[in-house]
Amino acid sequence: METFYLIIMGFLSIVIVNNLVFTKFLGTCPYLGVSGRLDMALGMGLAVTFVITIAGVMTWLIDHLVLMPYNLEITRYVCYILVIAGAVQLVEMYLRKFFPPLYESFGIFLPLITTNCAILGLCLFLFFWNVNNFIEATVLSFGAGIGFTLAICIMAGIREQMNFSDVPDCLKGAPITLITAGILTLAFMGFAGMIK
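Now for a quick tour of the structure. Since the structure is predicted, the reported quantities are computational estimates derived from the model, not experimental observations.

Another aspect to go through is the packing of helix α3 (residues 38-67) against helix α7 (residues 134-162). In the contact formed by α3 and α7, the axes pass within 8 Å of each other and the chain directions differ by 165°. One way to sum up the angle between α3 and α7 is to call them roughly antiparallel. Once α3 is placed against α7, the crossing between them reads as right-handed. Residues that form the contact of α3 with α7 fall into these classes: 19 nonpolar, nine polar and one charged.

Moving on to the pattern of salt bridges. A side chain of one charge can pair with a side chain of the opposite charge when the charged atoms of the two come close. This structure, assessed with the given rule, holds four salt bridges. Of the charged contacts, one joins Asp39 and Arg37 as a salt bridge, the two residues approaching to 2.8 Å between their closest N and O atoms. For Asp39, a relative accessible area of 46% translates into the label partly exposed. The exposure class of Arg37 is partly exposed, given its relative accessible area of 41%.

Turning our eyes to something else, we now look at helix α8 (residues 174-189). Relative to the 22 Å expected for 16 residues at 1.5 Å per residue, α8 spans 22 Å between its end C-alpha atoms, a close match to the ideal helical length. Ile176, Thr177, Thr180, Ala181, Leu184, Thr185 and Phe188 are the residues of α8 that are buried. Residues of α8 that are buried in the fold lie against α1 (2-17), α2 (28-33) and α7.

This part is about the side chain of Thr177. For Thr177, the location among the structural elements is in helix α8. With relative accessibility at 7%, the residue Thr177 sits in the buried group. Residue contacts for Thr177: discarding those within four places in its chain leaves Leu32, Met155 and Arg159.

What follows is about the state of the cysteines. Summed over the entire model, instances satisfying the criterion amount to zero disulfides. As a non-bridged cysteine, Cys117 has Cys29 as the owner of its nearest cysteine sulfur, 8.6 Å distant. A relative accessible area of 36% means that Cys117 is categorised as partly exposed.

With that out of the way, let us pick up the nonpolar core. Across soluble globular proteins, nonpolar side chains have a tendency to be buried as a group. One finds Leu20, Tyr31, Met44, Val51, Ile113, Ile119 and Ile152 to be the most contacted residues of the largest nonpolar core, which totals 48 residues. Setting aside residues up to four positions removed in sequence, Ile113 forms contacts with Met44, Ala47, Val48, Val51, Ile84, Val88 and Ile119.

This part covers unusual backbone geometry. Residue Asn71 is not a glycine yet carries a positive backbone phi of 55°. When you line up the elements, Asn71 lands in the loop between α3 and α4 (76-98). In this model, Asn130 sits at a positive phi of 60°, which is unusual for a non-glycine residue. With respect to the helices and strands, Asn130 occurs in the loop between α6 (117-128) and α7. Under the relative-accessibility criterion, Asn130 is labelled exposed at 57%.

Calculation rules
- Residues numbered from 1 in each chain as written.
- Predicted model: local features only at pLDDT ≥ 70, side-chain atom pairs only at ≥ 80, totals over all residues.
- Heavy atoms only, no water.
- Axes fitted to C-alpha atoms, helices over the stretch in contact; angles between N-to-C directions.
- Helix = DSSP H or I, 4+ residues; strand = E, 2+ residues; numbered from the N terminus.
- Parallel < 35°, antiparallel > 145°, perpendicular 65-115°, else oblique.
- Left-handed = near helix turned anticlockwise from the far one by under 90°.
- Nonpolar A, V, L, I, M, F, W, Y, C, P; charged D, E, K, R; others polar.
- Salt bridge = Lys/Arg side-chain N within 4 Å of Asp/Glu carboxyl O.
- Buried < 20%, exposed > 50% of the residue type's maximum accessible area, 1.4 Å probe, protein only.
- Expected span 1.5 Å × (residues − 1).
- Contact = heavy atoms within 4.5 Å.
- Disulfide = S-S within 2.5 Å.
- Core = buried A, V, L, I, M, F, W, Y, C linked by side-chain atoms within 4.5 Å.

Note that all results are geometric; they support no functional claim without further evidence.
Here it is as C-alpha cells:
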C-alpha cells in the first residue's frame, strides 16, 4: 500500500508540482509554438506523451539492463537520443497514415519532438533521481507527458481566449504569449514544496 501511495504521489508531483515545462523550463519550443489552437495543442501533447513514455521506459530498461551492468554509461546520451528518435518516427508514421490533417497541421513541429528537451530531460532525470523501480519509471514517464499536455492545453486555451480580448497592439503576438507563459509558470511554482 505504501508503494502505491508513493507512486501516486510521484505521478502528481511530476504532473503538477514539478511539471517539466513550468518548473524546469523544458519543452518550451513546442509549448509556445504549437499552443495557438487547442486541438493542435492536444494532439501535440498526446504525441509527446506517447514519445516521452516510450522513451522513459526504454531508456530506463537500456540503462539498467545494458549500460550499467557493462559499464557503458558513457554511451547514455547516444542511446537516449536513438530511442527518442525511433519513438518519434513511430508517431510520425502513425499520424501520417491515420490523421493526415493533424500531421499536416503540425508541420515542422512533429519531427522536432526528437529535439524536445523535456523528453531527454526526463530520461536523464530518471537516472539522476535514482529510480530503481520499473513501475515508478513508467509512471513518472507517463506523468511527465501528461504534465506537458496539461501545460500546452492550458496555454492554448488562454491563447484562444486572447483572440477575443482587447490586447494592446504593442503586446499582440509573441509578447503577450511570453507574459502569459511567465504568469502560468509563477502560478504553478506556487505548488513548489508540496510534494517532493
